[in-house]
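# Remarks on the overall topology
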Amino acid sequence: MEEFINDGDIIELLDTSKNPSPSRVREIIARAGELKGLGPEEAAVLLQVEDPELNDEICSAAHDIKNAIYGNRLVMFAPLYTSNYCSNNCLYCGFRRDNRTLKRVALTNEEIAEEVRILESQGHKRLLMLCGEQKGRKAFDSFIEAIEIAYGTMTDRGGEIRRINVEVAPQDIEGFKRLKQANIGTYVLFQETYHHDTYRIMHPAGQKADYLWRLTAMDRAMEAGIDDVGIGALFGLYDYKFEVLGLLSHAMHLDQKFGVGPHTISVPRLEPALNAPAAIKPPNPVSDADFKRIVAVIRMAVPYTGMILSTRERPEVRREVFKVGISQISAGSRTNPGGYHSGNEGMDDAAQFNLGDTRTLDEVILDISQEGHIPSFCTACYRLGRTGKDFMDLAKPGLIRKFCRTNAIMTYQEYLSDYASEETKRVGEELVRRLIKKTKKAGTRKLLEERLARIKNGERDLYI
Ligand code: SAM
Ligand code: SF4
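In this text the structure is predicted, and so the values were computed from the model without any measurement.

### Brief notes about the pattern of salt bridges
Between side chains of opposite charge, pairing is possible as soon as their charged atoms come close. Applying the stated criterion across every chain, the model contains 38 salt bridges. Arg451 is the partner of Glu450 in a salt bridge, and the nearest nitrogen-oxygen pair spans 3.5 Å. For Glu450, a relative accessible area of 35% puts it in the partly exposed group. One continuous salt-bridge network, built from bridges that share partners, spans Glu160, Arg162, Arg383, Glu414 and Asp461.

Here's what the structure looks like:
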């Protein structure tokens, strides 16, 4: 296991980047506009900007980069918690083993299928499945079975899950091979904090206390053949500037070793959680303005890496950060196993943390549609094998945008036809009409019109 995060180097980089001159900052902003990404030194300079005017320039450049690569699409997903039993004791998490008042729940196979049917009947096509960390093979076997159940559960109205990403404890190579065989999309895992001392304090017990085992999880996942991996840091534990540079160092390490960086970066921010001291009083709280800058700098540094925002954030924060870099969002989430089942909605005593956005999927879709974003349920790349390096090779010349926009509109139309409320359908269909009109290439417009007509005639799951 190879260590590739050096705390001293990151701290020195931040020190030497303090008080950058406006011309240096603008030079870096201009370089980011070439869409080739930024090195850690350049990212450090952007993170050290204090001047509000320069900060606005950073956000505006990130906005342009987001639009150039992703357009105004937002890919939608829902988390599905299968169990909240955990043998670790992370100081920020409601699932920690010392939380004796948490109601412990491990869903049965039938309960998992029921949760999946509920999510499908809301219109979800992509899941992020996750659970607490438990020692031994049995819990992992059950998780693999849960993935199979979720893929195999359909509703009468054609509801189906088409891609499952997972967020489970780091495995050895054999374990990752089993996840790969279970047909997962992305393997997601957050380092939580890249700062070694803070990591030690926050993870006092259990397997998760081993920083290096966690840090090298993505290396093992990729060696086991998982093409798409998603990294993240839990903002609020340590200095956010350090964490951004940690994330970028991690991305660079994977890129250098495997020829492709992470598929996604997540930016969770600490939320209050039951009996979790570090969540009740975050050691390094991140303001909304700094949070926006985090998203903007990551977008500029790794322009082709998807960026994920969860319902931890309040709607007004979500709206702000969508503009500067987010490409995937969760909606209508519950963080307690069984939380989607109607009888369990108020079961906060089993939840991992509190949510900032408690709106339903349809309410979120209406809101983002009104803001001009295209909600996407697309799963085409993963199903056509456009993953890992193949995805990046396509993404870099901008081809992916062409596919993604068309696929996004088609899956949006499926949602509008099958699941939307009257109001969302009205707003959405108007947006689809505008998007067709705005499609410049005659061939693409014709294809889109033809496919949308087929969807309206009842065909489903069309993609290019
Ligand atoms: N147990 C596995 C693990 O720790 O990697 C699986 C994922 S855990 C259920 C999901 C993530 O939730 C953690 O990696 C952590 O970053 C995040 N999390 C935990 N407590 C949180 C809190 N109070 N606020 C926000 N996010 C939190
Ligand atoms: Fe367990 Fe994960 Fe929560 Fe830590 S973050 S206590 S490992 S569920």
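From this point, things continue past the structure.
### Observations regarding the site of ligand 1
As a matter of local geometry, ligand 1 sits amid 20 residues, with Tyr92, Glu192, Arg214, Glu271 and Arg312 nearest to it. Contact between ligand 1 and Tyr92: a nitrogen atom at 2.8 Å from a main-chain N or O atom of the residue. Between ligand 1 and Cys131 there is a distance of 3.2 Å, counted from a nitrogen atom to a backbone nitrogen or oxygen. Against a free-state accessible area of 560 Å², the protein chains account for coverage of 97% of ligand 1.

### Things to note about helix H5 (residues 109-122)
Between its terminal C-alpha atoms H5 stretches 20 Å, which fits the 20 Å expected from 14 residues at 1.5 Å a residue. Those residues of H5 that sit buried are Ile112, Ala113, Glu115, Val116, Ile118, Leu119 and Glu120. Where the residues of H5 are buried, they touch strand E1 (73-83), strand E2 (126-131) and helix H6 (137-152). Trailing H5 by a residue or two, Gly123 shows a phi angle of about 120 degrees, which is positive.

### Comments concerning helix H20 (residues 442-456)
Relative to the 21 Å expected for 15 residues at 1.5 Å per residue, H20 spans 21 Å between its end C-alpha atoms, a close match to the ideal helical length. Three or more residues of H20 are buried, namely Thr444, Leu448, Arg451, Leu452 and Ile455. All buried residues of H20 fall inside an arc of 100 degrees around its axis, so they share one side. For H20, the exposed residues set more than 90 degrees away from the buried face come down to Ala442, Gly443 and Lys446. Gly458 sits one or two positions beyond H20 and adopts a positive phi of about 105 degrees.

### As for the site of ligand 2
Around ligand 2 sit Cys86, Asn88, Cys90, Tyr92, Cys93, Phe95, Arg96, Gly132, Lys208 and Gln352, and those are all the residues in its vicinity. In terms of residue class, the shell around ligand 2 is built from five nonpolar, three polar and two charged.

### A closer look at the pairing of strand E3 (residues 163-167)
It is a general feature of regular strands that their side chains alternate between the two faces of the sheet. By the criterion of burial, E3 is predominantly enclosed, with five of the five residues buried. Because side chains alternate across E3, one face comprises the buried residues Arg163, Asn165 and Glu167, and the other comprises Ile164 and Val166, equally buried. Where E2 lies against E3, five bridges are found, and the strand directions are parallel. Each bridged residue has a counterpart across the sheet, and for Leu128 the counterpart in E3 is Asn165. For the segment spanning E2, H6 and E3, crossover handedness is right-handed.

### Quick word on the side chain of Thr439
Looking at the secondary structure, you find Thr439 in the loop between helix H19 (422-438) and H20. For Thr439, the side chain forms a polar contact with the main-chain oxygen of Leu435, separated by 2.7 Å. Discounting residues that sit within four places of it in the chain, Thr439 has contacts with Arg405, Thr444, Arg445 and Leu448.

Parameters and conventions
- Residues numbered from 1 in each chain as written.
- Chains lettered and ligands numbered in written order.
- Predicted model: local features only at pLDDT ≥ 70, side-chain atom pairs only at ≥ 80, totals over all residues.
- Heavy atoms only, no water.
- Salt bridge = Lys/Arg side-chain N within 4 Å of Asp/Glu carboxyl O.
- Buried < 20%, exposed > 50% of the residue type's maximum accessible area, 1.4 Å probe, protein only.
- Near = heavy atom within 4 Å.
- Polar contact = N/O pair within 3.5 Å; in protein donor to acceptor, adjacent residues only side chain to side chain.
- Areas by Shrake-Rupley, 256 points an atom, 1.4 Å probe, with all protein chains shown as cover.
- Helix = DSSP H or I, 4+ residues; strand = E, 2+ residues; numbered from the N terminus.
- Expected span 1.5 Å × (residues − 1).
- Contact = heavy atoms within 4.5 Å.
- Arc of directions from axis to C-beta.
- Nonpolar A, V, L, I, M, F, W, Y, C, P; charged D, E, K, R; others polar.
- Pairing = 2+ DSSP bridges.
- Right-handed = clockwise from strand over helix to strand, strands pointing away.

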